[in-house]
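An overview of the molecular structure
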Amino acid sequence: MSSSAVAPSPLPPSILLERPEHARAVEVLVDRAFGPGRFAKSSERLREGNRKLDDCSFVALSNEWGHEGRVIGSVRLWPVRVGDKAVAFLGPLAVDADERKHGLGQALVEAACAAAAKAGWRAVLLVGDAPYFGRIGFSAEPAARATMPGPADQRRVLVKALVEGGDAGLVGAIRIR
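A few points on the structure.

Cut-offs applied
Residues numbered from 1 in each chain as written. Predicted model: local features only at pLDDT ≥ 70, side-chain atom pairs only at ≥ 80, totals over all residues. Heavy atoms only, no water. Phe/Tyr/Trp six-rings, centres within 6.5 Å; stacked < 30°, edge-to-face > 60°. Buried < 20%, exposed > 50% of the residue type's maximum accessible area, 1.4 Å probe, protein only. Salt bridge = Lys/Arg side-chain N within 4 Å of Asp/Glu carboxyl O. Helix = DSSP H or I, 4+ residues; strand = E, 2+ residues; numbered from the N terminus. Pairing = 2+ DSSP bridges. Core = buried A, V, L, I, M, F, W, Y, C linked by side-chain atoms within 4.5 Å. Contact = heavy atoms within 4.5 Å.

Within the structure shown, the criterion is met by two aromatic pairs. Plain terms: the ring middles of Y132 and F133 are 4.9 Å apart, the flat faces sit at 85° to each other, and that makes the pair edge-to-face. Note on Y132: relative accessible area 23%, which makes it partly exposed. A relative accessible area of 9% means that F133 is categorised as buried. Following the ring pairs from residue to residue traces out a cluster consisting of Y132, F133 and F138.

What follows is about the pattern of salt bridges. The tally for this structure, following the rule as stated, stands at eleven salt bridges. For the salt bridge of R70 with D96, the shortest nitrogen-to-oxygen distance reads 3.7 Å. In this pair, R70 is assigned in the loop between β2 (58–61) and β3 (71–82) and D96 in the loop between β4 (85–95) and α3 (104–118), connecting sequence segments 26 residues apart.

So, about the pairing of strand β5 (residues 123–127). Counted residue by residue, β5 has four buried out of five residues, so it is predominantly covered. As judged from the two bridges shared by β4 and β5, these two strands associate in the parallel manner. Residue pairing across strands places F89 opposite L125, the latter belonging to β5. As paired elements, β5 and strand β7 (residues 157–161) share five bridges and run antiparallel to each other. The residue bridging V124 from the neighbouring strand is K160, located in β7.

Time to look at the environment of P20. Counting through the fold element by element, P20 comes out in the loop between β1 (14–17) and α1 (23–34). Along the chain, P20 and D54 lie 34 residues apart, while their C-alpha atoms are 9.5 Å from each other.

Within the largest apolar cluster, 27 residues are counted, with the highest numbers of intra-cluster contacts made by L77, L90, L108, V109, V124, F133 and F138. Sorting the residues of this core by element identifies β2, β3, β4, α3 and β5 as the ones contributing at least two each. When residues in this core are grouped by element, the largest group, eight residues, is from α3. Leave out the neighbours within four places in its chain, and F133 touches L93, V109, L126, G128, F138 and L158.

Right under this line is the structure:
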């Protein structure tokens, strides 16, 4: 008589607010995802000297046996201004290469946007791929007159309203709040 062990189904990752003990693992993940070139991006100018929104920044933790609690995804939000309007700036969004294509990035963005709405933010702004972020409700048109610092492809500046009209009037330089 032979017996075969059946491997348990992998549990989905846990998504929770980023805590101070996650910070180093998040930095390692972001470095792996974007490399050292990330520091040259204009988005970094909006994070330098800024403080992330702790109540709107999330990690995804592995629930895979033997790897429980390992950070496999991260998203952070930052306070910025577009002209005279305060909005939350999303980035970076990073997901471990082995975990991509399972909707984890989208789930992290949705969690961050829901938390931002709950915290009273009017809109979330980001620099990213329109086809990907468009599926989550981001659009380039309302952000067309918002200007990123430094060299940036303005067509990649996207916004999602969190309240009715939250994406209106976003005109001017994007800067640290």
